[in-house]
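# Descriptive structure summary
Residues per chain, in single letters:
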Amino acid sequence: MDLAYTAEEEEFRARLREWLAVQLPELPPPPSPDDWPGRRAYDTAWQRALYDAGYAKVHWDAPPTVRLIYLEETERAGAPYVGANFVGLLHAGPTVAAEGTPEQRARWLEPILRGEEIWCQGFSEPEAGSDLASLRTRAVRDGDAYVVTGSKLWTSHAEVADRCELLVRTGPAGSRHRGLTWLAMPMDAPGVTVRPLRTLAGSAEFAEMFLDEVRVPVTARVGDENDGWRVTMVTLSFERGTAFVGEVVACRRTLVEVAAEARANGRWDDPALRRRLGRLNAEFTALWRLTQWNVSEAAATGGVPGTGGSVFKLRYSHARQELYDAAAEVLGPDALDLARPWTRERLSSLSYTIAAGTSQIQQNIVAERILGLPKGC
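Calculation notes
- Residues numbered from 1 in each chain as written.
- Predicted model: local features only at pLDDT ≥ 70, side-chain atom pairs only at ≥ 80, totals over all residues.
- Heavy atoms only, no water.
- Salt bridge = Lys/Arg side-chain N within 4 Å of Asp/Glu carboxyl O.
- Core = buried A, V, L, I, M, F, W, Y, C linked by side-chain atoms within 4.5 Å.
- Buried < 20%, exposed > 50% of the residue type's maximum accessible area, 1.4 Å probe, protein only.
- Helix = DSSP H or I, 4+ residues; strand = E, 2+ residues; numbered from the N terminus.
- Contact = heavy atoms within 4.5 Å.
- 1 Å grid on protein atoms, 1.4 Å probe; cavity = no way out; pocket = protein on both sides within 12 Å on 5 of 7 lines; lining within 4 Å.
- Points joined across faces, edges and corners; volume = space filled by probe spheres on them.
- Axes fitted to C-alpha atoms, helices over the stretch in contact; angles between N-to-C directions.
- Parallel < 35°, antiparallel > 145°, perpendicular 65-115°, else oblique.
- Left-handed = near helix turned anticlockwise from the far one by under 90°.
- Nonpolar A, V, L, I, M, F, W, Y, C, P; charged D, E, K, R; others polar.
- Pairing = 2+ DSSP bridges.
- Expected span 1.5 Å × (residues − 1).

This paragraph deals with the pattern of salt bridges. Per the counting criterion, the structure on display carries 28 salt bridges. In the salt-bridge network here, residues are joined through shared partners; they are E10, R13, R17, E72, E73 and R76.

In structure tokens, the structure reads:
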């Protein structure tokens, strides 16, 4: 498979670099990590700037390779991350673009791209995390609406979101995969209650969400009723396949910074640490090549990432944890200082083997769908 970029793609890269070099010095400082209304305003203002410059649609209205270049260059330049609207831009938006009706695409995609609407994800529940198909939040059809009752957990940025990609059970109890439906729920609908959750690092980007007879229009259903598992697999393929691209670039940059810190404070003299950092460099280089391969595969199969995203997500989750463990070794006692970005990232990295599908689930996917092993091995 040819992983080289075309002349047109390199021209796009050069044009984007030039635009970023002009725009980034003009940005105001970002708000506090815990100020989510401020973060929403900051992130959506940047998204609007991208939209006005013609770069916003790369998230789903561009070839996967162009999307890869965009994520690579914005991260390398230190541009703001998608932030409060990562669900809309990286998960829900691409899913609607791939699975939504023309009316849904017209209604929801442009507001996401313009930075006018924020989305959150309502998949996991208190007793349905890794086994997502066991979820119990129920939606009952009542005329032109579904009446939804239940609860969701780990709902990212729910407190500042306008809409939620919501997975509900519309089939009979015990129907599991065949009884689920994917809805786009307005967060201002009566009956929605959001309670922020504080993480180990002290931030509150997650929330639990309670739904008490919330009416969601049938027109907000993406895909057919009881076909939500298939639609969700499209969502998760984006979440595991391309949503972490910018983070791989960030980790490679952090690795260089960790090595520089080790040289400065004398820890570079430890040969075991040098070997550890060298292996991590090889690991992230391989992950970047795997990302390119996954993107090339997506380009050849209609733009939706395949099961190779599970291979990437499985290894990246552990590599990220190993990177920040190495950073803690380099920092020594300073690794306990929460004011240090590496310390906060280390605490955050602990969730990566759970979020977006646990490592155990990814291992099952790799074993069954890629290697063809029978269930139960």
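There is more to say after this.
A few words on the nonpolar core. The biggest cluster of nonpolar side chains holds 47 residues, and the ones touching the most others in it are W119, V148, W182, M185 and M187. Every element with two or more residues in this core is listed here: α4 (86-99), α5 (102-113), β1 (119-122), β3 (145-152), β4 (163-169), β5 (180-186), β7 (206-217) and α6 (228-241). Considering each element in turn, this core owes the most residues, six residues, to α4. Other than its neighbours up to four places away in sequence, M185 contacts D162, R163, C164, L166, V192, M209, L211, V214 and V216. Residues V245, A262, L280 and A319 belong to the second largest nonpolar core, which totals 42 residues.

Looking now at empty space enclosed by the protein. What the rule picks out here adds up to two cavities of 30 Å³ or more. Considered as a void within the structure, the largest cavity measures approximately 210 Å³ in volume. If you go around the largest cavity, you meet 22 residues; those closest to its centre are Y70, T74, P80, Y81 and V82. Going through the elements one at a time, α2 (36-53), α3 (64-76), α4 and α7 (245-265) are the ones with two or more residues in the lining of the largest cavity.

So, on to the packing of helix α1 (residues 7-23) against α2. Relative to each other, α1 and α2 sit at 135 degrees, their axes nearing to 13 Å. On the basis of their axis angle, the class for α1 and α2 is oblique. In this structure, the crossing between α1 and α2 has a hand that is right-handed. In contact with W19, L20 and Q23 of α1, α2 contributes W46, A49, L50 and A53. Its residues assigned to classes, the contact of α1 with α2 comprises six nonpolar, one polar and no charged.

It is worth spelling out the packing of α1 against α3 at this point. Look at α1 against α3: their axes get within 10 Å of each other, and the N-to-C directions meet at 30 degrees. Regarding the angle of α1 to α3, the classification is roughly parallel. Regarding α1 and α3, the two cross each other, and that crossing is right-handed. Seen from α1, the contacting residues are E9, F12, R13, L16, R17 and L20; seen from α3, they are T65, V66, I69, Y70, E72, E73, T74 and R76. In terms of residue class, the contact of α1 with α3 is made up of six nonpolar, two polar and six charged.

The next thing to look at is the pairing of strand β2 (residues 138-142). In this structure, β2 lies alongside β3, joined through five bridges in antiparallel fashion. If you follow R138 over to β3, its bridge partner there is T149. As consecutive antiparallel partners, β2 and β3 are separated by two residues, and within that stretch G143 has a phi angle of approximately 65 degrees, a positive value.

Another point: the pairing of β4. Moving residue by residue along a regular strand, the side chains alternate between the two faces of the sheet. For β4, a buried count of seven out of seven residues is recorded, marking the element as mostly surrounded by other parts of the structure. Alternating residues of β4 divide into R163, E165, L167 and R169 and C164, L166 and V168, and every residue in both groups is buried. Pairing geometry for β1 and β4, over four bridges, is parallel. Residue W119 lies in a different strand from β4, and its bridge partner there is R163.

Here the focus is the side chain of E72. Here E72 lies in helix α3. Judged by relative accessible area, which is 4%, E72 ranks as buried. With residues up to four places along the chain from it excluded, the contact list for E72 reads Y5, R13, V249 and W288.

The topology assignment puts A286 in helix α8 (residues 271-300). In this structure, the C-alpha to C-alpha distance between A286 and F312, residues 26 residues apart in sequence, is 9.8 Å.

Let us now look at α3. Here α3 spans 18 Å end to end across 13 residues, near enough to the 18 Å set by a 1.5 Å rise per residue. For α3, the complete set of buried residues consists of P64, T65, V66, R67, L68, I69, Y70, L71, E72, E73, T74 and E75. Positive phi appears at G78, one or two residues downstream of α3, with a value of about 75 degrees.

Spatial relationships are all this shows, so hold off on functional conclusions.
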